[in-house]
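A closer look at the structure
For reference, the chains in residue letters:
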Amino acid sequence: MGSRSCDNHLVEYTSGRFLCALRLHPLRRIKVEALAQAVCHPARRTVSDLPSITKFAEGGFNRVLQATFADGYTILARIPYNSTVPEGVAVPIEAATLGLLRPCHIPVPRVLGYSQDHKNAVGTAYLLLEKLEGIPLSDQWFGMDNKNRVKIMNGSFYYRKDLDLSQHAIPISGQPVVPSSDQIVIDPTAQHQWWYKERALLDIDRGPWDSFSACFEVPAQHEAKFCRQSGKPRLHVERYLRELHNFQLPKPENHIRLLAQYLKLAPYLVLPSSHRLSRPVLRHPDLTLNNILLDSSNNIIGNIDWQHAALNQSEQESIRETRRTRIVHFYYAALTLRQMPDHSNIFNRAGAPWEGDPLSLEYVIHKVYKHWPMSLVDEDATSSVTPRGCPIGFTEDEIQRCEYDHGKEEGKIQELREMRDLIGTDSLGCIPHEQSERSLEVLNAIKAGLMEECNTETERLALHRYFPFEDHEEDE
């Protein structure tokens, strides 16, 4: 291999440029020589057999480096960004999840080694995986008929050795006889919202939980505790919606009130033990087209990127990619959530971080109230926990006001989607290098057009200070 000093290309984000200052933090300074040694050990090869280490991919939480040996054998090193929280658990979770899945004949990469934090010779946490060969589903999707598409779409795990002895953990049954340190266990969740900013400092139960009631209630209790201890009035997280709220800073006290209403509903979200959805299911956290590998007959031969698994170029190309993403999301959502839409929507909103959004949780609570009782279509279910009447209530004026405000927000969000499609950017504001000049021209044209349509000082202020595609501080 050539120079073994840290190559800036391996460290810096090079997949595109950002229109605004929503940043992906760089990697720690990698000691490439040490990484080469780490890769060679499980491959039973020497460093002289390794001509190069190159960047393979960049995602929302990791960069992937590719080590290709002279004989063609390839190992991938997944390296989390510095911003990935909580530090030290993302890598062992993915390693344990893959270790659980492979004996079940699920086509996932083989783990060759890992280090859970930066306290090693390489200087960063890493996960070494044997590279799976296959065709990404994203390359095949538009050539498939619906029959083939449906065919394809049909707590966190750790090794006990990666946990403190004091941490509560639940063993997974049915494992082969192995030393206790190599047992796979369920332990506290590492999902981002539980560790976001000051939430990492909260003394609260992060699981694992052995009852549905705890699973439904604790996330809301966690966020309510954060709001009481550290929550502050803040502008809406979505800059394009701030004008609708007159640039006011919603207070966390209102969110606490909504969470209290949710907690009155939570006991009735519990599934009957006879319901087929009451069995815990391991959910892939990011089932995008690029994470599914196919053979030439459209059979799935690999599923990759299990890090946050939890128990429970031209304008035309940009349009095609947008459609492709939405279509696959439709199939996935339709096949996995159609039996419990009210349950999943309200649960997800109640556990989401408080970010100045005064409406989303209120709207889904009102929706549950309007459609009470919540029902799960399942012929096998023999019991129900639905009460005679809804434990919360609203006036007709409150419901109409909420629906009106939500409708206005939806209209603005649709405008934002259309602008993103025209500019060719994703939700983080990232655009490919090759289309950056064109994207900036479209962006400037959109802003100029909007400025011409401004009729009030409020509209001009919104466009000047909060245009969504310009630099801003995350915590403004």
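Residues numbered from 1 in each chain as written. Predicted model: local features only at pLDDT ≥ 70, side-chain atom pairs only at ≥ 80, totals over all residues. Heavy atoms only, no water.

Moving on to the overall build of the protein chain. When you go through the protein chain residue by residue, the secondary structure sums to 12 helices and 15 strands. Expressed as a percentage of the 476 residues in the protein chain, the buried residues total 43%. Surface accessibility of the protein chain: about 24,600 Å² in total, with carbon and sulfur atoms responsible for 50%. (Helix = DSSP H or I, 4+ residues; strand = E, 2+ residues; numbered from the N terminus. Buried < 20%, exposed > 50% of the residue type's maximum accessible area, 1.4 Å probe, protein only. Areas by Shrake-Rupley, 256 points an atom, 1.4 Å probe, with all protein chains shown as cover.)

Quick look at helix H12 (residues 457-466) now. When we look at burial in H12, the residues that qualify are Ala462, Leu463 and Tyr466. What you see down the axis of H12 is that its buried residues fit within an arc of 115 degrees, all on one side. With respect to the buried face of H12, the exposed residues turned more than 90 degrees away are Glu457 and His464. Packing partners of the buried residues in H12 comprise helix H11 (436-453). (Arc of directions from axis to C-beta. Contact = heavy atoms within 4.5 Å.)

Here the focus is the packing of helix H9 (residues 360-370) against helix H10 (residues 396-423). Where H9 meets H10, the closest approach of the two axes is 10 Å, and the angle between their N-to-C directions is 130 degrees. By the angle between their directions, the pair H9 and H10 is classed as oblique. Seen from above, H9 lies across H10 with left-handed handedness. Along the contact surface, H9 presents Glu362, Tyr363, His366, Tyr369 and Lys370, while H10 presents Glu398, Ile399, Arg401, Cys402, Glu403 and His406. Within the contact of H9 with H10, the residues separate by chemical class into four nonpolar, two polar and five charged. (Axes fitted to C-alpha atoms, helices over the stretch in contact; angles between N-to-C directions. Parallel < 35°, antiparallel > 145°, perpendicular 65-115°, else oblique. Left-handed = near helix turned anticlockwise from the far one by under 90°. Nonpolar A, V, L, I, M, F, W, Y, C, P; charged D, E, K, R; others polar.)

Right, let's get into the sheet that holds strand E7 (residues 135-136). Two pairing modes exist for strands in a sheet, parallel and antiparallel, and in both the strands are linked by backbone hydrogen bonds. In space, the three strands of this open sheet follow the order E7-E12-E13, with antiparallel pairing throughout. Each of the sheet's edge strands pairs with one partner strand only, and the pair in question is E7 and strand E13 (300-303). (Pairing = 2+ DSSP bridges.)

Moving on to the packing of aromatic side chains. In the structure shown here, the tally under the stated rule is six aromatic pairs. Both rings, one in Phe216 and one in Phe347, keep their centres 5.5 Å apart while their planes meet at 90 degrees; by these two values the pair is edge-to-face. Overall, Phe216 belongs to the buried group, its relative accessible area being 8%. (Phe/Tyr/Trp six-rings, centres within 6.5 Å; stacked < 30°, edge-to-face > 60°.)

Here we take up the environment of Arg234. Positionally, Arg234 belongs in the loop between helix H5 (212-229) and helix H6 (252-265). Note on Arg234: relative accessible area 16%, which makes it buried. The spacing of Arg234 and Phe247 is 13 residues in sequence and 9.6 Å in space, taken between C-alpha atoms. Looking at Arg234, its side chain comes within polar contact range of the main-chain oxygen of Glu355, at 3.4 Å. (Polar contact = N/O pair within 3.5 Å; in protein donor to acceptor, adjacent residues only side chain to side chain.)

Along strand E6 (residues 126-130), four of the five residues are buried, which leaves the element largely enclosed by surrounding structure. Across four bridges, the pairing between strand E4 (residues 74-80) and E6 is antiparallel. Paired with Ala77 across the strands is Leu128, a residue of E6. Inspection of the sheet shows strand E5 (residues 111-115) paired to E6 by four bridges, in the antiparallel sense. By the bridge assignment, Ser115 is partnered in E6 with Tyr126.

Turning to the pattern of salt bridges, a few remarks are in order. Tallied over the entire structure, the rule returns 11 salt bridges. Its salt-bridge partner being Arg199, residue Glu223 comes within 2.7 Å of it at the nearest N-O pair. Placement of Glu223 in helix H5 and of Arg199 in the loop between strand E10 (184-187) and H5 is noted, with a sequence separation of 24 residues between them. Like Glu223, the residue Arg199 is buried in the burial classification. A single network of salt bridges, built from pairs that share partners, joins Lys55, Glu58 and Arg63. (Salt bridge = Lys/Arg side-chain N within 4 Å of Asp/Glu carboxyl O.)

Now for unusual backbone geometry. The bulk of non-glycine residues show a negative phi, and the bulk of peptide bonds are trans. Look at the link from Trp372 to Pro373: it is a cis peptide, with omega at 0 degrees. Mapped onto the elements, Pro373 comes out in the loop between H9 and H10.

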